[in-house]
Each structure stands twice: as structure tokens, then as C-alpha cells.
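Inside the fold
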Amino acid sequence: MRNNKLHISQLSFLALTAVLNIAGANLALTLRLPIYFDTLGTMMAAMLFGPVYGMIPGLMSALITGVTTDIYSLFFLPVQLITGFAAGLLLYTKDRTIHSDRFPLPVLTLMISVPGTVVSALISSFVFGGITSSGSSVLVQILHHSGLGLTASVFCVQIFTDYADRILTLFLSIFLLHALPKSIIQSLKKGVSYGSIQ
């Protein structure tokens, strides 16, 4: 961003991205999906504003979801922060483009996913014994009861579910940002009001 002060349009967009995270997380929780859909807003904010501001939607959504619908979200808040920071480092550009094209999207997705997966697997195995509100907990228990260690079971399931979740989320966030008029993208990146764009 141009400076350290957030414009009202940027604050509003960050609030919207937190809502997208919450809606996605609750959809996945309700349908018991093995993926999470809780980082759509995080990816969008990271692409537009960079790593520090990319962490804000995850922080807000984890706190709100944790005290309203899914207590597990509070424990996995560090994963949201790591994902937002990693996405911002890898996807943010200072120009008007939506995301960096230094690496193909599948490679970028892997680079964004792995740090959070490691932390998530450790939290899941050491704090919850591999059983959380996610639909992927069933897969963890199947692997664990087949003889694989708990942490290894959690990591094996997490790396696949996190990657699937992040690549779907990344494609969707890029699609949504491309659907916005370029003037809005420019105004969000520069922190100016929509009406002042020529």
C-alpha cells in the first residue's frame, strides 16, 4: 500500500474479506467438508495489500467464528496468520496486477500451504489428538488406526486437504478480483476513494 494509513475503502474491504472467511468456514463446517473454505478473504486481502494486512481477515474471522460457531477456530488462529503472511509475501505486487506470476499457481499454492500445514498438524495432534470439527478428522483416524503415528497421520491428511482447499480458494479469489473493475482494484491498492479515479 502507498502508506501506513488505511483508507475507508480498504478498511471496508478488509471487513468484507473477514466475512467471506466466516461464511466459507461455516459452510464447510455445516456440510462437514474435508476442506475448510476459511481463507478466501485472506487470499484476496493478501493479494491486494500484502503480508501484514493479509493477516487481518484471518485474525478477525478466527476470533468471530471461535466465539460464535466453532471454538476450534481460536486454536487454529496461528494458521490463519501464517497463511495470510505467506500469501502476501508470494502474491502481493505493488502495481495494478492482481497477483504475482513469479511461480505457477500450483507451486505458489504449495508454498503458501506448507507452513500453515506444519503448524496445523502440530496443533491438531498435540492439542486435540487429531480430532477437530473438520470432516478430515475421519481420515486422520483411519490412517492412525492403520498403524501410522498420530502426528504423521494428521500431517498426511492436512497436506492434501490444505492444498486442495488453498488451490480452490486461490483460483476463486483470483476469479473474484478479476471480476472487479480495474478502477476499484487501483483504488484499493492506492487507498483512494472510488470517485477520484479518472
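Throughout what follows, the structure given in this document is the object of discussion.

Cut-off values and rules
Residues numbered from 1 in each chain as written. Predicted model: local features only at pLDDT ≥ 70, side-chain atom pairs only at ≥ 80, totals over all residues. Heavy atoms only, no water. 1 Å grid on protein atoms, 1.4 Å probe; cavity = no way out; pocket = protein on both sides within 12 Å on 5 of 7 lines; lining within 4 Å. Points joined across faces, edges and corners; volume = space filled by probe spheres on them. Helix = DSSP H or I, 4+ residues; strand = E, 2+ residues; numbered from the N terminus. Phe/Tyr/Trp six-rings, centres within 6.5 Å; stacked < 30°, edge-to-face > 60°. Buried < 20%, exposed > 50% of the residue type's maximum accessible area, 1.4 Å probe, protein only. Nonpolar A, V, L, I, M, F, W, Y, C, P; charged D, E, K, R; others polar. Axes fitted to C-alpha atoms, helices over the stretch in contact; angles between N-to-C directions. Parallel < 35°, antiparallel > 145°, perpendicular 65-115°, else oblique. Contact = heavy atoms within 4.5 Å. Core = buried A, V, L, I, M, F, W, Y, C linked by side-chain atoms within 4.5 Å. Expected span 1.5 Å × (residues − 1).

1. Re the layout of surface pockets
Reported here for the largest pocket is a volume of approximately 160 Å³. Taken together, Arg96, Thr97, Ile98, Leu177, His178, Leu180, Lys182, Ile185 and Gln186 form the lining of the largest pocket. Of all the elements in the fold, those that place two or more residues in the lining of the largest pocket are α9 (150-179) and α10 (182-190). Among the elements that take part in the lining of the largest pocket, α10 stands out by supplying three residues, more than any other.

2. Things to note about the packing of aromatic side chains
The description of an aromatic ring pair uses the distance of the two centres, along with the angle that the planes make with each other. Counted by the stated rule, this structure contains four aromatic pairs. Between Phe13 and Phe49, the aromatic rings sit 6.1 Å apart at their centres with planes inclined by 85°, giving edge-to-face as the arrangement. One end of the pair, Phe13, is in helix α1 (residues 8-31); the other, Phe49, is in helix α2 (residues 40-49), with 36 residues separating them in the sequence. This pair shows no difference in class: Phe13 is buried, exactly as Phe49 is. Put simply, the rings of Tyr72, Phe75, Phe76 and Phe128 touch in pairs and so form one group of aromatic residues.

3. Section: empty space enclosed by the protein
All chains considered together, the criterion is met by one cavity of 30 Å³ or more. Taken together, 29 residues make up the lining of the largest cavity; nearest its centre are Tyr36, Asp38, Asp70, Ser73 and Phe76. Mapped by element, the contributors of at least two residues to the lining of the largest cavity are α1, α4 (56-68), α5 (72-75), α6 (77-91) and α9. Ranked by the residues each element gives to the lining of the largest cavity, the list is headed by α1, at six residues. Split by residue class, the lining of the largest cavity holds eleven nonpolar, 14 polar and four charged.

4. Examining the packing of α1 against α10
Two elements in contact, α1 and α10, have axes whose closest approach is 8 Å; the angle formed by their N-to-C orientations is 105°. One way to sum up the angle between α1 and α10 is to call them roughly perpendicular. On the side of α1, the interface is formed by Ser9, Gln10 and Phe13, while α10 contributes Ser187, Leu188, Lys189 and Lys190. Residue composition of the contact of α1 with α10, by class: two nonpolar, three polar and two charged.

5. Some remarks on the nonpolar core
Among the nonpolar cores identified, the biggest contains 23 residues, and Met47, Phe49, Leu91 and Leu177 are the most heavily contacted of them. When contributions to this core are tallied by element, the ones reaching two or more residues are α1, α2, α6, α7 (105-128), α9 and α10. Per-element accounting of this core gives the leading share, eight residues, to α2. Setting aside residues no more than four positions away along its own chain, Met47 makes contact with Leu91, Tyr92, Thr93, Ile98, His99, Leu170, Ser173, Ile174, Leu177 and Lys189.

6. Some details on α6
Think of an α-helix as turning once every 3.6 residues; residues three or four places apart then point the same way. The end-to-end C-alpha separation of α6 is 21 Å, in line with the 21 Å expected for 15 residues at 1.5 Å each. Burial in α6 covers these residues: Leu77, Val79, Gln80, Thr83, Gly84, Ala86, Ala87, Gly88, Leu90 and Leu91.

Interpretation in functional terms is not warranted from these geometric data alone.
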